[in-house]
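# Observations on chain architecture
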Amino acid sequence: MCGIAGIAYSDVARVPEADLLRRMTDILRHRGPDGEGFHAAPGIGLGFRRLAIIDLATGEQPIANEDGSIVVVCNGEIYNHVELRASLEARGHRFRTRSDVETIVHLYEERGDTFVEALRGMFALALWDARRRRLVLARDRFGIKPLYYASAGGALLFASEQKGILASGEVTAKADPRAVRDLLTFGRVRSPRAFAAGISKVPAGHLLTFTEGTVALSRYWDVTFPDAREYEHRSDEAWAEGLRELLAESVRLHMRSDVPVGAWLSGGVDSSSVVALMSPLTASRIPTFTMRADDPADDELDGLRALSDFPEFRLDAHRVSCGVRDFPLFAQGIWHSETQSLGSIAVGQLRVAQASAEHVKVVLCGEGADELLGGYSWYRTLSLLGPLFALSPPLRHLIAAFPPIRRRWPGAAATLAGPEAMNFERYSRSITHLTSQGAARLMSRDLADSLRGAEDELFDSPIPPDFERWHPFARMQYFDIKHRMGDGVVHALDAASMAHSVEARVPFLDHVFAEYCARIPPWVKMRRLREKAVLRRAMRNVLPAEIARRPKWPMHVPVDAWLRGPLPDFAREALSAERIDEAGCFDAAAVAKALELHRARRENLGQALGAVLGVQLWDRMFRRDRRLGV
């Protein structure tokens, strides 16, 4: 785990300045405090910040092949590196280190661009092929590790975070109007956009090449589902048994490390499953870190037991509290998330990461299970609303506008008022309250004018050729995996964990496990509106019954309530009319009115105001102050 950055020139004879590479990597020091490395040669500069996890003695990067013609820097972990190394050594390749990353250069020698298909792990990498004067950037299948790029001055710049590119001085910090609109509409910036104008994300499951000024982007993997009528016929028990075996294998691979490994543990079935499967694989007590809200109303474990309360699992439990005193961490969350997603969830994750860093460098987490197995409330809503879509659109709109429906079930109301087909618009209406909060109406006239003519692209989303033949449940899962998780969940996890130099691993997002989950029929994943029924069945003899049966409780940081209390100085200043007018993204009078309504409890506008606060803080940190710091 680390941070990477670099630059490739169209002029293949040009050598990058050492100061440029150092600026780009120094700003990523939190991602890798254990060391640094550089490679500068005609046409290329690679920079690296190291967090030492695998091969502590000889695992420095950049790493080259035998003759130095191929050089790589990689952020992440290749979990099947042991098996890959054995195969490559059998084919005559010589290794100088025990690093998992060294397998990449030899795989590239063997397979060319298809090397990435053999990697089982989370990664964002840059590989320079000196003979072909060619840079290759690649990102893991689910986008667990971030990778940004920008074209400027006859060069391609890349980095693990946008601030690495901005630190180069080649790109000016300015908010992309479409990214602001994305944040206000969806709560996250959608790939391939980044929040800063002129910077893009390498999409998950993609490979980018840069050869003498020419950029080419190609997809090497995508999640797919069977035709709705072609699911395999197996018993629920058979599906559950296969799931448990593959999850156990993934957990075993994710525990490969040369430093101690802990876990983030909630009260739910996802992280509890991961920790329960970790327990028999180590003789040591596993350090676990659980966030507990100070307010019992927000505490998922109020009056309940977590896995750490059961002595047979041999856990070293650490409780991490989160409350109103942590509101200032919102600003730190924006610095690390770079406003790619709403900053509120990062507050709790930052607290857990900070506590984890005092004990371990690596933690396993439960993220990904809800997307792969249909664990969110909108999957139940999908089943319940199905019959209502037989009604005429005017009648559906009338039901959606009924005040009790709109207030109590805003996602259902928004869904009924939208399209019948399971497309990206219907999906987005189902999962976000931002639209119902009127967040887009807070935009300034200048920002709205800059978006004029771009309305039709708002709900554009590439889909696989056979998408329409999938079950609606599977189509919703596809959007969850590609957008909510890929652009939100894993981004927030990476930003918060790396803020404190902690490597967060996600066993549910092993692609072999995920491909198996995609084959499980929707009616096995959800039984009688019971979410993740197949996971609960799989773990019923592993987990305590009360945890295996426990309903989902989403991680919640009460920014809504915090915005109704005394505002910290940073929030009061960021939301002032002067600062709002200076940033130019919002209408100061509209924001003031929304804040008044929210604080008077006449409306709950916390998500919309949280988005506004995040954009305002980004503007202060990255554009106005230009000091790249909180």
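Scroll up to find the structure.
None of the values given here were measured: they were computed from a predicted structure. (Residues numbered from 1 in each chain as written. Predicted model: local features only at pLDDT ≥ 70, side-chain atom pairs only at ≥ 80, totals over all residues. Heavy atoms only, no water.)

Further remarks concern the overall build of the chain. The helix and strand tally for the chain stands at 26 helices and 17 strands. Taken along the three principal axes of its C-alpha coordinates, the chain extends 70 × 60 × 45 Å. By residue count, 61% of the 630 residues in the chain fall in the buried class. A separation of at least 24 residues holds for 72% of the contacts in the chain among residues at least 6 apart in sequence. Only carbon and sulfur atoms are counted for the fraction: they give 50% of the accessible area of the chain, which is about 24,100 Å². Each charge class in the chain was averaged separately, 82 positive and 81 negative side chains, and the resulting centres sit 4 Å apart. (Helix = DSSP H or I, 4+ residues; strand = E, 2+ residues; numbered from the N terminus. Buried < 20%, exposed > 50% of the residue type's maximum accessible area, 1.4 Å probe, protein only. Contact = heavy atoms within 4.5 Å. Areas by Shrake-Rupley, 256 points an atom, 1.4 Å probe, with all protein chains shown as cover. Lys, Arg positive; Asp, Glu negative; His and termini not counted. Charge placed at Lys NZ, Arg CZ, Asp CG, Glu CD.)

Spatially, E4-E5-E6-E7-E11-E12 is the arrangement adopted by the six strands of the open sheet, whose pairing is antiparallel. Strands at the two margins of the open sheet, each flanked by one partner only, are strand E4 (63-64) and strand E12 (214-219). Sheet topology places strand E5 (residues 70-78) next to strand E6 (residues 121-129); nine bridges connect them, and they run antiparallel. When the sheet's bridge partners are listed, valine 72 is paired in E6 with leucine 127. (Pairing = 2+ DSSP bridges.)

Contact pair helix H15 (residues 424-431) / helix H17 (residues 472-499): the axes reach a minimum separation of 10 Å and the direction vectors enclose 75°. Judged by the inter-axis angle, H15 sits roughly perpendicular to H17. Where H15 approaches H17, its residues Phe424, Tyr427, Ser430 and Ile431 are matched on the opposing element by Met476, Phe479, Asp480, His483 and Arg484. (Axes fitted to C-alpha atoms, helices over the stretch in contact; angles between N-to-C directions. Parallel < 35°, antiparallel > 145°, perpendicular 65-115°, else oblique.)

With that settled, consider the packing of aromatic side chains. If you walk through the whole model with that rule in mind, you get 25 aromatic pairs. Plain terms: the ring middles of phenylalanine 327 and tryptophan 562 are 5.4 Å apart, the flat faces sit at 45° to each other, and that makes the pair tilted. Taken together, the residues span a long stretch of sequence, with phenylalanine 327 in the loop between strand E15 (315-322) and helix H8 (329-337) and tryptophan 562 in helix H22 (residues 559-562) at a distance of 235 residues. With respect to class, phenylalanine 327 is no different from tryptophan 562; both count as buried. When the ring of tyrosine 427 is compared with that of phenylalanine 479, the centres are 5.6 Å apart and the planes differ by 35°; the resulting orientation is tilted. Placement of tyrosine 427 in helix H15 and of phenylalanine 479 in helix H17 is noted, with a sequence separation of 52 residues between them. What makes tyrosine 427 buried here is its relative accessible area of 0%. Aromatic ring contacts, followed pair by pair, group Phe186, Phe225, Phe424, Tyr427, Phe459, Phe467, Trp470, Tyr478 and Phe479 into a single cluster. Against the face of phenylalanine 389 rests arginine 426, its NZ or CZ located 4.1 Å from the ring centre. (Phe/Tyr/Trp six-rings, centres within 6.5 Å; stacked < 30°, edge-to-face > 60°. Lys NZ or Arg CZ within 6 Å of the ring centre and 35° of its normal.)

Moving on: the side chain of serine 69. Looking at the element boundaries, serine 69 is found in the loop between E4 and E5. A polar contact of 3.0 Å, which involves the side chain of serine 69, links it to the side chain of arginine 131. (Polar contact = N/O pair within 3.5 Å; in protein donor to acceptor, adjacent residues only side chain to side chain.)

In this structure, proline 62 follows glutamine 61 across a cis peptide bond, with omega equal to 5°. Structurally, proline 62 is set in the loop between strand E3 (44-50) and E4. The peptide bond linking serine 191 to proline 192 adopts the cis configuration, its omega dihedral lying at 5°. If you trace the backbone, proline 192 turns up in the loop between helix H5 (177-186) and strand E10 (200-201). A positive phi is found at arginine 528, a non-glycine position, where the angle reads about 50°. With respect to the helices and strands, arginine 528 occurs in the loop between helix H19 (522-525) and helix H20 (533-538). For arginine 528, a relative accessible area of 80% gives the class exposed.

Attention shifts here to the environment of threonine 381. When you line up the elements, threonine 381 lands in helix H11 (residues 377-385). Its relative accessible area of 22% is what places threonine 381 among the partly exposed residues.

A few words now on the sheet that holds strand E13 (residues 261-264). Strand order in the open sheet made by the five strands is E15-E14-E13-E16-E17, with parallel pairing throughout. Two strands lie at the open edges of the sheet, namely E15 and strand E17 (503-505), each paired on one side alone. Here the average twist between neighbouring strands, direction ignored, is 30°. The pairing of E13 with strand E16 (residues 362-364) spans three bridges and is classified as parallel. Following the sheet pairing, glycine 262 is matched in E16 by valine 363.

Once that is clear, we can look at the pairing of E13. The side-chain alternation of E13 yields two buried faces, one formed by Val261 and Ala263 and the other by Gly262 and Trp264. Of the strand pairs in this sheet, E13 and strand E14 (residues 286-293) are connected by two bridges, and their pairing is parallel. Among the inter-strand pairings, alanine 263 is bridged to a residue of E14, identified as threonine 288. Chirality of the crossover, the property in question, places the unit of E13, helix H7 (residues 269-278) and E14 among those that are right-handed. (Right-handed = clockwise from strand over helix to strand, strands pointing away.)

Helix-helix packing is described using two parameters, namely the angle between the two axes and the distance between the axes. Where H11 meets H17, the axes come as close as 11 Å, and the angle between the chain directions of the two elements is 150°. In this view, H11 runs roughly antiparallel relative to H17, as classed from their interaxial angle. Here H11 and H17 pass one another in a crossing that is right-handed. Facing Trp378, Tyr379 and Leu382 of H11, the residues of H17 in contact are Pro472, Phe473, Met476, Gln477, Asp480 and Arg484. Its residues placed into classes, the contact of H11 with H17 shows six nonpolar, one polar and two charged. (Left-handed = near helix turned anticlockwise from the far one by under 90°. Nonpolar A, V, L, I, M, F, W, Y, C, P; charged D, E, K, R; others polar.)

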